[in-house]
Amino acid sequence: MNTTGPAEKGLRLIPFRGLRYVPERVGSLAAVTSPPYDVVVRPDGLHHLESADPHNIVRLILPQAATAADRHRQAANTLRRWRAEGVLAPDSEPALYVYEQRHGDLLQRGVIGALALSTPAEGVVLPHEDVMPDIVEDRAALMRATAANLEPLLLTYRSEGSATGTTAVIERTALRAPLLSTTTEDGFSHRLWSVTEPAELAEIEKDLADRQALIADGHHRWATYLRLREEHPPAAAGPWAYGLVLLVDTARYPLQVRAIHRLLHRLPVADALAALEAVPGSFRVRTLEGTLPDAVRALSEAATTGPGTNNAFLLAGDGRFHLIDRPDAALLARTVPADRPDEWRALDATVLHSTLLDHLWKIPDAPEHISYIHDTEAAVEQAERHGSTAVLLHPVREEVVRELARQAVTMPRKSTSFGPKPATGLVLRSLADG
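Keep in mind it's a predicted model, so treat the numbers as computed, not measured.

A. Structural detail: the sheet that holds strand 15 (residues 284-288). Strand order in the open sheet formed by six strands is 15-17-16-19-14-18, with antiparallel pairing between adjacent strands. On the outer flanks of this sheet lie strand 15 and strand 18 (370-373), each paired with one strand and no other. Here the strands of the sheet are splayed against their neighbours by 25° on average, with no regard to which way each runs. One ladder, built from three bridges, connects strand 16 (residues 313-316) with strand 19 (residues 389-392); its direction is antiparallel. Looking at the pairing, Ala-316 lines up with Ala-390 of strand 19. In the packing of helix 11 (residues 292-304) onto the sheet, contacts are made with strand 15, strand 16, strand 17 (321-325) and strand 19, and the angle to strand 17 comes to roughly 5°.

Printed below as a string of structure tokens:
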């Protein structure tokens, strides 16, 4: 994002004593990491990670037990045991951490620290999506039980693009020997360095003091941070007034933006198509030939070509792919709320939820009816396995996300997936360590 005005209204990122795996106590650093909790495709991905190493971080971020209370208690007990056994240990002094991800030509670098919390109204950290209260409550209960930030949020800001300030510190640091280096099974290499030199910390502090950030990934965890801060009186908030984040300068290291797909558990594809046919002209419907990559290309072409905005979706689950696009303008006028900017009303996620889910398919936005899946193949595979419908979306352009965030207009929940996302498990923040 662009810079804000006064320095006191900018970003305040402070060092903390990172809680990290002790390499000698685990099979490998790669084997104990995980994607963020909401990217793990359950149950397949969860079981795979649990079997990778008995100390995999997924046992903390997605503990398994009969009840929510038992899950959170189990995570807290596991964290205490791992610390007592020396599996996890805090660094000797507070630091900011430079983090690098690399895969082929893709290079992303940023800085991890404890960020002073602020509400959206303060205009320092801008959300762009709504959140689901049940998920915030679950994450809050887990965070209370463990007294830890188990994985960093991904936040972005925009500098002038030059190697000054925070970027200069990051790029100098990346020339040194890292604290850790590992390559995860997805082919990404990860490196982490600590920054403790007072002059370098001051350089970062000065640079970030007049900037604002966009939440790229982690809206529910940011809302959780804010809820937990409210539970602690200002005088006693201490570490609860900060949250673990990774800050990336997208002027220097642009992010990728992908769509998040929907899995409609109780809606077979045949019923979804029948509901569209029952309202003639609601959408154009075409059954496609070819593979999943062919269908995704057809979706991209439909979403990005033609006059004006063309909302387009791909339905899967019956062994075929059905492209639906060109919604009826009168239908959109009746079903999409008119009290938002045109950019919001034209979003695929807006049309999906307002017109398709709410009006034509009459599906409640509740976990028992809808799952949100990042991986395209996983969404299709699960739909076919369970006789449900996967709705595949085309990604939103980053400029649209930014513009809506500047207007304080939130997009429908799970509208975007920015990446690459930081690996979970490389550095944790214990609130008990101050």
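B. Spatial organisation of the confidence of the model for the protein. Here the protein averages 91 in pLDDT, while 95% of its residues score no lower than 70. This model gives residues 1-7 a pLDDT under 50, and the stretch forms 23 contacts once residues within four places in sequence are excluded.

C. Seen up close, helix 7 (residues 198-208). Within helix 7, burial applies to Glu-200, Leu-201, Ile-204, Asp-207 and Leu-208. The arc enclosing the buried residues of helix 7, seen along the axis, measures out at 130°, which places them on a common side. Exposed side of helix 7, more than 90 degrees from the buried face: Pro-198, Ala-199, Glu-205 and Lys-206 are the residues found there.

Cut-offs and rules
Residues numbered from 1 in each chain as written. Predicted model: local features only at pLDDT ≥ 70, side-chain atom pairs only at ≥ 80, totals over all residues. Heavy atoms only, no water. Pairing = 2+ DSSP bridges. Helix = DSSP H or I, 4+ residues; strand = E, 2+ residues; numbered from the N terminus. Axes fitted to C-alpha atoms, helices over the stretch in contact; angles between N-to-C directions. Contact = heavy atoms within 4.5 Å. pLDDT = per-residue confidence, 0-100. Buried < 20%, exposed > 50% of the residue type's maximum accessible area, 1.4 Å probe, protein only. Arc of directions from axis to C-beta.

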